[in-house]
Amino acid sequence: MKNRFSVSAKLCAAALVALLAACAPGMPGSTYNLGEARVKLVAYHDDGAYMRDFARVDANALDYITRRAPQVKKPAIVLDVDETSLSNWPQLQANGLDLEVKGPCSLPKGPCGFHAWAQRSADKPLQPTLDLFRAARKTGVTVFFITGRDETVRAATEKNLHLAGYRGWKKLILRPAHSKTPSAADYKVPERAKIEKMGYTIIANVGDQPSDLAGGHAERAYLVPNPFYRIP
Ligand SMILES: [Mg+2]
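This text gives an overview of the structure that appears in the document. (Residues numbered from 1 in each chain as written. Predicted model: local features only at pLDDT ≥ 70, side-chain atom pairs only at ≥ 80, totals over all residues. Heavy atoms only, no water.)

Some thoughts on the state of the cysteines
Next up, step 1: What the rule picks out here adds up to one disulfide.
Next up, step 2: One disulfide bridge connects cysteine 105 with cysteine 112, the sulfur atoms lying 2.0 Å from each other. Between cysteine 105 and cysteine 112 the disulfide shows an S-S torsion of about -85 degrees. By sign, it is left-handed.
Next up, step 3: Taking the relative accessible area as the measure of exposure, cysteine 105 reaches 12% and is therefore buried. (Disulfide = S-S within 2.5 Å. Buried < 20%, exposed > 50% of the residue type's maximum accessible area, 1.4 Å probe, protein only.)

Some remarks on the packing of aromatic side chains
Next up, step 1: Per the stated rule, a full pass over the model turns up 10 aromatic pairs.
Next up, step 2: Taking the centre distance of 5.7 Å and the plane angle of 75 degrees together, the rings of tyrosine 50 and phenylalanine 54 count as edge-to-face. Highlighted residues: tyrosine 50 and phenylalanine 54, both in helix 3 (residues 49-68), separated by four residues, approximately one helical turn. Take tyrosine 50 and phenylalanine 54: they sit in the same class, and that class is buried.
Next up, step 3: Relative to phenylalanine 228, the ring of tyrosine 50 lies with its centre 5.2 Å away and its plane at 75 degrees, an arrangement referred to as edge-to-face. Of the two residues, tyrosine 50 is situated in helix 3 and phenylalanine 228 in the segment after strand 7 (220-223); the sequence distance between them amounts to 178 residues.
Next up, step 4: Exposure remark for tyrosine 50: the relative accessible area of 3% places this residue in the buried category.
Next up, step 5: Under the relative-accessibility criterion, phenylalanine 228 is labelled buried at 7%. (Phe/Tyr/Trp six-rings, centres within 6.5 Å; stacked < 30°, edge-to-face > 60°. Helix = DSSP H or I, 4+ residues; strand = E, 2+ residues; numbered from the N terminus.)

Digging into helix 2 (residues 34-46)
Next up, step 1: In this model, helix 2 (13 residues) spans 18 Å end to end at C-alpha, consistent with the 18 Å of a helix rising 1.5 Å per residue.
Next up, step 2: For helix 2, the capping residue at the N-terminal end is asparagine 33, with a side-chain oxygen 3.0 Å from the backbone nitrogen of glycine 35.
Next up, step 3: Immediately downstream of helix 2, the backbone of glycine 48 shows phi near 95 degrees, a positive value. (Expected span 1.5 Å × (residues − 1). Polar contact = N/O pair within 3.5 Å; in protein donor to acceptor, adjacent residues only side chain to side chain.)

Some details on the packing of helix 3 against helix 6 (residues 127-138)
Next up, step 1: Where helix 3 meets helix 6, the axes come as close as 9 Å, and the angle between the chain directions of the two elements is 15 degrees. One way to sum up the angle between helix 3 and helix 6 is to call them roughly parallel. The hand of the helix 3/helix 6 crossing is right-handed. Across the interface between the two elements, Met51, Phe54, Ala55, Asp58, Ala61, Leu62 and Ile65 of helix 3 pack against Pro128, Thr129, Leu132, Ala135 and Ala136 of helix 6.
Next up, step 2: Class assignment of the residues belonging to the contact of helix 3 with helix 6 gives a composition of 10 nonpolar, one polar and one charged. (Axes fitted to C-alpha atoms, helices over the stretch in contact; angles between N-to-C directions. Parallel < 35°, antiparallel > 145°, perpendicular 65-115°, else oblique. Left-handed = near helix turned anticlockwise from the far one by under 90°. Contact = heavy atoms within 4.5 Å. Nonpolar A, V, L, I, M, F, W, Y, C, P; charged D, E, K, R; others polar.)

What is shown is where atoms sit, not what they do.
So this is what it looks like as structure tokens:
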């Protein structure tokens, strides 16, 4: 009897350990480690793999855009801004890839709040998207930017796009000041629908977040890599 109880207790204990492991994969003893992940992500960015993966997605998008644009009446594309058209890498790196940093921006060591950083208009272009933008414009495609940034940084963002080389776009669509929705898609999908109501066919939508692309209103959606942060 004692033995049977003991075996049963051991089985229960084993089951409990397995359950805890399944429910809490990030607990000590797992393979996840924030410091190691950060080192790997910086290496992914710095060794060129990030830009190679990024360029591959934009090349696929451009291939479709150039084939499809002549077939529709008012061809348009939608581009996201951050980590799609412009890179915030100096700010991200200064913050140890922590997206929640607020306040003033001190570089290169950080901390560097996003709003203060955006006001500098200092983002560099992500070259594959700038190349895509220019090629699309040459084929007569209208370009809209839809960004999760809000109206408080409109002037700085317009200036930054211009300085980065994006010239000849139709409209920069930003969130109303300080607005928030559970998902960026809640705000971006209706904005794409408005573009369609203006008579455009959105043949491609390019973004770095699944929430940039969810909800349709584009013939094709292209997700450029961003393993550094996630916007719901
Ligand atoms: Mg983005």
